[in-house]
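Structure at a glance
Below, each chain spelled out in residue letters.
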Amino acid sequence: MPRGAAARTAKLASLPLGIAGRAVGGWGRRLTGQSAEEVNTALSAKAAEQLFEVLGTLKGGAMKFGQALSVFEAAVPDELAAPYRDALTKLQAAAHPMPARQTHRVLAEQLGRGWRDRFADFADEPAASASIGQVHRAVWHDGREVAVKVQYPGADEALRSDLRQLQRFARLFQALVPGTDVKPLLAELAARMDEELDYRLEADNQRGFAKTFAGDDHVLVPRVLASAPKVVVSEWVCGTPFAHIIREGTTEQRNRAGRLLAEFHYSSPARARLLHSDPHPGNFMLLDDGRLGVIDFGAVARLPNGTPPMLGVIMRLALEGRSAELLDALRAEGFVRPGTRLDADDVYTYLAPLVAPLTQERFHFTRRWAQQQALRMGDTRSQDFRTGRSLNLPPNWLLIHRVTAGAVGILCQLDAELELRAIVERWQPGFVAE
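Notes on the structure in this doc start here. (Residues numbered from 1 in each chain as written. Predicted model: local features only at pLDDT ≥ 70, side-chain atom pairs only at ≥ 80, totals over all residues. Heavy atoms only, no water.)

Now for the sheet that holds strand S10 (residues 284-286). The strand order across the open sheet built from four strands is S5-S11-S10-S8, with neighbouring strands paired in mixed fashion. Whereas interior strands pair on both sides, the edge strands pair on one side only; in this sheet they are strand S5 (219-220) and strand S8 (240-241). The sheet contact formed by S10 and strand S11 (residues 292-294) spans three bridges and is antiparallel. Within S11, the residue paired with Met-285 across the bridge is Gly-293. (Pairing = 2+ DSSP bridges. Helix = DSSP H or I, 4+ residues; strand = E, 2+ residues; numbered from the N terminus.)

Structure below.
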């Protein structure tokens, strides 16, 4: 991991310079007769490739930010989807591994000099890379196959440096994710980075999920066997990654993966009082026995009272077209700043398409639907854009909003058809009128 602040800043600084340079060239091509749409398509494709190449190389906060953006790939127009998908797949799947000697040093520091005695076998070549660590496949001393997650040395300082730098470039990244406010996403990542750097906390999160879903017919959360501030050892899980299903899965696989993900997302706050808060395809897989395998619990929201019932109330009011009551509820929760004037019907028109998946027994989540929402909310000429800019996202709603949007993004990538309304009716407080 590049640790020098100057070197990391220089790499990140190349992003806005590169994007700006291409924009100048784009203006020239428009003068020669190319349409704005053709020019913007080409610019966005190149910007995507550069963005994720740089983020993947840096790892740390930069790579984590890229992974957070990756779930919105489904909202990118079809002509851009291929370069985005290729760049994102590389970002999610791998990064340059640290040398074996360095890995051994971290294990000795965290698990003790006799760390090898705790394993019957340990593979020096990492099986996967993550934003702030890498995963090794090993055999525990009792014969169980395990995943050993080892944090990169210097990940803490790199993460903080990246997030400070990325926040300066938030406006540039905004163009890559129409309809999504990138600044709150960065602020959320910055606020939670200390939690994600402590693998003991991640292990506790995972233990909470594993206890809740132990013996579950639909979800498998691997058990934790050992943990330290920069190392966590848990049972190995083998299945078909969601990234593979997104690329070439069958209709049956897509629908099952989507249904299991939606149920896990909506049921976890009620069952575990926890919300898995890192929704990207690399953290989910479909097991051979049909269950959903879930990994990586570094980002988890603790919801001691479950999901706020007001979320269900807002969804129901939008579904029923009760625009005045809907606006009152949004004001009460802080979605409308004091003194802001909004038309209730405009707010309803803005939100109604987002609850469309709940208007029918089965809904087909498609890239086309995601693209329509992104274009609708990102069109600066539209009333929906003006309405969206007038709404506020309260800090206590930020994580739930981002995770739900991320889960929906994965459903659209999966091209899944499922009974979302029945899942929401069962698990979301406030949705069913009492």
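So that's the structure; there's more coming.
With that out of the way, let us pick up unusual backbone geometry. Of note in this structure, Asp-296 is not a glycine but carries a positive phi near 65°. Tracing the backbone through its elements, the reader meets Asp-296 in the loop between S11 and strand S12 (300-302). The exposure class of Asp-296 is buried, given its relative accessible area of 19%. Positive phi, close to 60°, is recorded for Asp-415, a residue that is not glycine. (Buried < 20%, exposed > 50% of the residue type's maximum accessible area, 1.4 Å probe, protein only.)

Tracing the backbone shows Asn-392 in the loop between helix H16 (383-390) and helix H17 (395-414). Leaving out residues up to four positions away in the same chain, Asn-392 has contacts with Gly-334, Phe-335 and Arg-337. (Contact = heavy atoms within 4.5 Å.)

Another aspect to go through is the side chain of Asn-205. With respect to the secondary-structure elements, Asn-205 resides in helix H9 (residues 199-213). Judged by relative accessible area, which is 3%, Asn-205 ranks as buried. Within the local environment of Asn-205, its side chain forms a polar contact with the backbone oxygen of Phe-297, the two atoms lying 3.0 Å apart. Excluding its chain neighbours within four sequence positions, the residues that come into contact with Asn-205 are Leu-274, Phe-297, Gly-298, Val-300 and Arg-302. (Polar contact = N/O pair within 3.5 Å; in protein donor to acceptor, adjacent residues only side chain to side chain.)

On inspection of all chains with the given rule, the structure shows 18 salt bridges. Note that Asp-384 is salt-bridged to Arg-376, the shortest N-O span being 3.0 Å. Looking at Asp-384, the relative accessible area reads 11%, which means it is buried. On the basis of relative accessible area, Arg-376 is assigned to the buried category, the value being 16%. What emerges from the salt-bridge pattern is a single network uniting Asp-142, Arg-144, Arg-223 and Glu-235. (Salt bridge = Lys/Arg side-chain N within 4 Å of Asp/Glu carboxyl O.)

Any functional reading would require information that these geometric values do not contain.
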